[in-house]
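Each chain is listed here by its residues.
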Amino acid sequence: MTTATTQQTSPHAAGRRAGRRAGGPRRIGSHLFLLLAVLYFIVPLWWLVVGSTKTNSGLFVGSGGALWFNDEFALWDNVQQLFTYQGGIYWTWMRNSFVYAIVGGVGSTVLAVLAGYALAKYRFRGRNLYFSMLLGSVMVPLTALTIPTFVLLSQLGMINTMWAVILPSLLSPIGVYLVRVYAVDAIPDEMLDAGRVDGAGELRLFFRVALPLLRPAFVTVLLLTTVATWNNFFLPLAVLRDPQLLPVTVGINQWQALSNAGAGGEQVWNLITTGALVSILPLIVAFLGLQKYWQGGLSLGSIK
Amino acid sequence: MTSTTTERAAAPARPGRRRGGPSLLDTKRQWWGWLFLAPFTVVFVLFLLVPLAYAFWLSLHTKGIATGGESVFTGVANYVRVFTDADFLSGMARVGKFVLVMVPVQIGLAVAIALVLDTLATRLSKASRLLVFVPYAIPAVIGALMWGFLYSPRFGPANDIFGFFGLDAPDFLSRDLIFGSLVNIVTWQWVGYYMIIVYAALRAIDPSVYEAARLDGAGDRQIAFRIKIPMIASSMVMIVVFALIGTLQFFTEPTVLRSVAQGAIPTTYTPNMYAYSMAFSYSQFNYASTIAFALGILVFIGSYIFLYATRKQSGLK
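Conventions adopted
Residues numbered from 1 in each chain as written. Chains lettered and ligands numbered in written order. Predicted model: local features only at pLDDT ≥ 70, side-chain atom pairs only at ≥ 80, totals over all residues. Heavy atoms only, no water. Contact = heavy atoms within 4.5 Å. Buried area = accessible area lost by both parts, 1.4 Å probe. Salt bridge = Lys/Arg side-chain N within 4 Å of Asp/Glu carboxyl O. Helix = DSSP H or I, 4+ residues; strand = E, 2+ residues; numbered from the N terminus. Nonpolar A, V, L, I, M, F, W, Y, C, P; charged D, E, K, R; others polar. UniProt positions renumbered as here; feature names shortened; annotations may be inferred. Buried < 20%, exposed > 50% of the residue type's maximum accessible area, 1.4 Å probe, protein only. Core = buried A, V, L, I, M, F, W, Y, C linked by side-chain atoms within 4.5 Å. Domains from an automatic or database assignment.

Trainee: Please set out the interface of chain B and chain A residue by residue, giving values where relevant.
Mentor: At the junction of the two partners, chain B supplies 107 residues and chain A supplies 106 residues. Buried surface at the junction of chain B and chain A, both sides included, amounts to about 9900 Å², of which 75% is carbon and sulfur. It is Phe-36, Phe-40 and Phe-47 of chain B in chain B that bury the most area against chain A; as a group they hold 8% of the surface buried on that side. The interface formed by chain B and chain A holds zero salt bridges in total. The element contributing the most residues to the side of chain B that touches chain A is helix H3 (residues 24-59) of chain B, with 21 residues. Here the residues of the side of chain B that touches chain A sort into 73 nonpolar, 21 polar and 13 charged.

Structure below.
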């Protein structure tokens with residue numbers, strides 16, 4: 001309540017919050033609602049953390065039940081098993097995921113920034129047509145392209161190579177759209193013209209003037225495309241056969257399918273839970289670390 | 001040559017010149033525009049336009065034992081087949097039902113959380129915002145896998161929780177409940193992402209608007225429904241389109257859950273799953289492409305109609 005009063009006295013400094021004060025009981029209700037929501041979103045992750053500390057049989061029968069630790073703490077054993085099971089293939093999968101996500105994410109972001117900048121800041125014949133086509137392509141479900149892409153790549157003999165995942169991942173029409181929308185306002189035409197009068201070349205203008213101003217859009221598109229490539233399932237499932245090339249998502253799903261269908265020796269539930277936990281850590285850490293970049297940036301598309 | 005000379009002669013009068021017709025500099029600059037566009041255009045052509053055209057070509061042809069293993073032009077025959085195929089139609093109806101249930105649930109929950117977060121400015125609300133968002137950073141495969149464990153009577157806590165109240169746990173992976181179980185997984189995964197978009201849009205509203213409304217006697221609820229939601233309409237339209245397109249392409253979650261709930265999820269559960277099994281289990285690439293193309297057309301028409309109907313709210317021309 002104190003804060004509310006202080007803010008009322010200075011409506012300009014804290015004007016944003018002054019409009020947001022609410023009565024006591026409502027605040028409790030709001031907090032309760034939030035608490036329930038957070039529980040819903042967090043309990044599955046808690047289960048995963050707890051599950052990865054259990055042995056294969058401990059997952060079924062344990063002293064702790066499903067949502068608490070057993071007496072036996074097997075996390076380190078499980079991580080060690082990830083290194084030895086099937087020759088440590090899990091880490092090959094992780095490496096593949098990193099390669100696909102980084103090359104696909106950085107590549108598609110670079111292409112999107114260049115194209116978005118061109119569409120926003122250059123006048124050329126066909127620009128409006130190009131932009132309409134781009135907007136239309138945002139509505140094309142990318143999974144509908146997976147099967148024809150597979151047939152095309154197999155005719156080129158590129159199936160079952162890393163390129164089969166990386167090259168199609170370079171396509172991000174939504175990324176171009178976001179950069180274009182952002183660049184229109186973020187880069188003043190006067191600044192570019194002033195640079196031109198001073199004799200700066202177009203490349204120099206792009207790197208020295210445009211790119212620094214586009215940084216928020218760059219980081220946002222990078223996050224979106226990296227996450228999309230990291231999470232992709234349909235494409236690698238379709239174009240990869242060699243277990244050594246799989247990303248971790250497809251790999252773990254295979255373990256799961258085998259564990260459900262197979263006999264005792266193939267059941268590696270503890271490796272599935274531990275592998276799943278390890279595989280989600282990099283992105284969670286990245287998101288927590290890069291908060292200030294993506295929090296505002298994700299709303300880019302809605303700014304008109 | 002003449003124009004070049006004139007341009008050169010006029011060069012000292014640079015600022016004024018831009019108002020004139022296309023100058024040499026502008027023509028040169030046009031090329032720079034295309035140059036910056038070129039790398040994306042190559043990818044756009046190779047991995048969007050060519051596959052689309054190729055899918056269309058494949059869908060007009062048939063290749064199989066009946067045609068002696070040769071690719072034969074069969075016109076719209078595949079489309080006649082797909083739009084009378086009970087499996088495709090039931091799959092479309094199912095993803096349509098998912099759209100009707102899942103999109104309102106996700107967006108409703110996301111907006112509710114964003115509105116609450118927007119009115120609270122406490123430390124708890126900041127932490128909540130992050131925690132609600134975390135599932136977005138988890139791959140759909142891993143999310144579906146986790147929920148598969150949680151639903152499972154062997155691993156999950158359902159037995160403990162329902163047992164505590166003296167009840168039998170329902171079988172979340174049964175034919176009757178699988179629909180709701182899938183809705184729950186997708187909701188869990190995406191609400192945080194939509195919430196962040198809505199939240200950012202809410203923060204961009206000038207708070208003096210609320211002050212004015214308050215002076216006119218508006219309550220919190222009225223401010224939320226009469227001011228905040230209309231003012232973030234363009235963000236709402238955008239996330240509905242995302243959710244719509246994503247849901248119609250439903251593939252990952254039901255595919256992952258299939259290994260724990262085989263009886264409840266057939267390979268024809270969604271159009272994308274059907275196309276996948278036609279392509280990779282039956283090697284019917286022509287028919288699979290027809291399914292994919294038909295789905296693509298329906299998604300495109302669906303989102304176009306939606307964007308057209310909401311063009312006022314979204315500000316799209």
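Trainee: I'd like a rundown of the UniProt feature "transmembrane region" (unreviewed entry) in chain B, residues and numbers included.
Mentor: Feature annotation in UniProt places "transmembrane region" (unreviewed entry) on residues 31-57, 98-118, 130-150, 177-202, 231-251 and 287-309 of chain B, given in this structure's numbering. Measuring from the first to the last C-alpha atom of residues 287-309 of chain B gives 33 Å, for a span that is 100% helix and 0% strand.

Trainee: I'd like to hear about the pattern of salt bridges, residue by residue, with values.
Mentor: Residue and element names in this part refer to chain A. Under the counting rule described, the total for this entry stands at six salt bridges over all chains. A salt bridge links Asp-193 to Arg-196, with the nearest nitrogen and oxygen atoms 3.3 Å apart. Taken together, the positions of Asp-193 and Arg-196, both in helix H10 (residues 189-197) and three residues apart, correspond to about one turn of that helix. As far as the burial class goes, Asp-193 and Arg-196 line up, both buried.

Trainee: Describe helix H14 (residues 271-280) of chain B, listing the residues and the values that go with them.
Mentor: By the criterion of burial, H14 of chain B is predominantly enclosed, with ten of the ten residues buried. Listed in full, the buried residues belonging to H14 of chain B are Pro-271, Asn-272, Met-273, Tyr-274, Ala-275, Tyr-276, Ser-277, Met-278, Ala-279 and Phe-280 of chain B. Residues of H14 of chain B that are buried sit in contact with helix H7 (146-155) and helix H13 (234-239) of chain A together with helix H5 (86-119), helix H13 (252-257) and helix H15 (285-309) of chain B.

Trainee: Please give an account of the nonpolar core that cites residues and values.
Mentor: A general trend in soluble globular proteins is that nonpolar side chains are found buried together. By size, the foremost hydrophobic cluster in this structure holds 186 residues, and its most contacted members are Tyr-90, Tyr-117 and Trp-255 of chain A together with Phe-40, Ile-113, Ile-178 and Met-195 of chain B. It is helix H9 (residues 178-203) of chain B that provides the largest number of residues to this core, a total of 17 residues. When we break this core down by domain, the ones giving at least three residues each are domain 1 (24-73) and domain 2 (88-302) of chain A. Not counting the four nearest positions on each side in its chain, Tyr-117 of chain A is found in contact with Tyr-122, Val-179, Ile-187, Leu-192, Phe-206, Ala-210 and Leu-214 of chain A together with Phe-36 of chain B.

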